[in-house]
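# Observations on the model geometry
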Amino acid sequence: MDLKDLYRDVIVDHNRKPRNFGPMLSPDAHADGHNPLCGDRLTIYVSLDGDTVKEAKFEGSGCAISVASASLLTEAVKGKSVAEVDKLYGEVHELLTRRDTVAAPGLGKLAALSGVHEFPARVKCASLCWHTLNAALHPPQAAVLAPTSTE
Ligand code: ZN
């Protein structure tokens, strides 16, 4: 079995049996994501222990890549600090968008997403959950709380 088969098996497995799929009753953070190009819709829920992701769950519906990617994400971020999740987000983004990128050693199973860059239309499917998680962990509070300028 070559690496491509292995990667495909990880995607197929996580699409058929998504990990951490379902609602979270009282999440510390959550956000909705939508990829209009494909029709993927995801909600990511996170419970935090201080600055550490205690648990991540997701629900919604989408194509195989978006579901598998979200499933892999929820496993990958558990137990990581927000700063570590931010770093991982950057590494996954590199992996998805740069043809010549070798998977960073810390990516683990997320390396399975490296096959996605061969299908540019699928990059947004694979990255949707990461953008959504990023929005959950870094809500634009400043913009919401900033007083409206009258000038
Ligand atoms: Zn999709």
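Refer to the preceding data block for the structure.
Described below are features of the structure shown in this document. (Residues numbered from 1 in each chain as written. Predicted model: local features only at pLDDT ≥ 70, side-chain atom pairs only at ≥ 80, totals over all residues. Heavy atoms only, no water.)

### Considering the sheet that holds strand S3 (residues 52–61)
Our working rule: Note: two strands are recorded as paired if DSSP finds a minimum of 2 bridges between them. Think of it this way: any DSSP run of H or I at least four residues long counts as a helix, any run of E at least two long counts as a strand, and we number them from the N terminus. Fitted lines through C-alpha atoms serve as axes, helices being fitted only where they are in contact, and the angles separating the N-to-C directions of these axes extend from 0 to 180 degrees.
Ordered in space as S1-S2-S3, the three strands form an open sheet in which the pairing is antiparallel. In this open sheet, the two strands that pair with only one neighbour each are strand S1 (29–35) and S3. Neighbour-to-neighbour, the strand axes of this sheet turn through a mean angle of 20°, independent of strand direction. Here S1 runs beside strand S2 (residues 40–49); their pairing, made up of seven bridges, is antiparallel. From the neighbouring strand, His34 faces S2, where its bridge partner is Arg41.

### Observations regarding the pairing of S3
Of the pairings in the sheet, the one linking S2 to S3 comprises nine bridges and is antiparallel in character. Bridging from a neighbouring strand, Leu42 pairs with Gly60 of S3. Taking the residues between adjacent antiparallel strands as the criterion, S2 and S3 are bridged by two residues, where Gly50 takes a positive phi near 65°.

### Quick notes on the layout of surface pockets
Basically, it comes down to this: Put plainly, a pocket is an open set of points on a 1 Å grid over the protein atoms alone with protein on both sides within 12 Å along at least five of seven lines, a cavity is a set where a 1.4 Å probe fits but cannot get out, and a lining residue has an atom within 4 Å of a point. Grid points are joined across faces, edges and corners, and a volume is the space filled by probe spheres set on the points. Residue type decides the class: Asp, Glu, Lys and Arg count as charged, Ala, Val, Leu, Ile, Met, Phe, Trp, Tyr, Cys and Pro as nonpolar, and the leftover types, Gly among them, as polar.
Of the volumes computed, that of the largest pocket is approximately 380 Å³. Taken together, the elements giving at least two residues each to the lining of the largest pocket come down to helix H1 (3–16) and helix H2 (64–77). Ranked by the residues each element gives to the lining of the largest pocket, the list is headed by H1, at seven residues. Split into classes, the residues belonging to the lining of the largest pocket amount to nine nonpolar, three polar and four charged.

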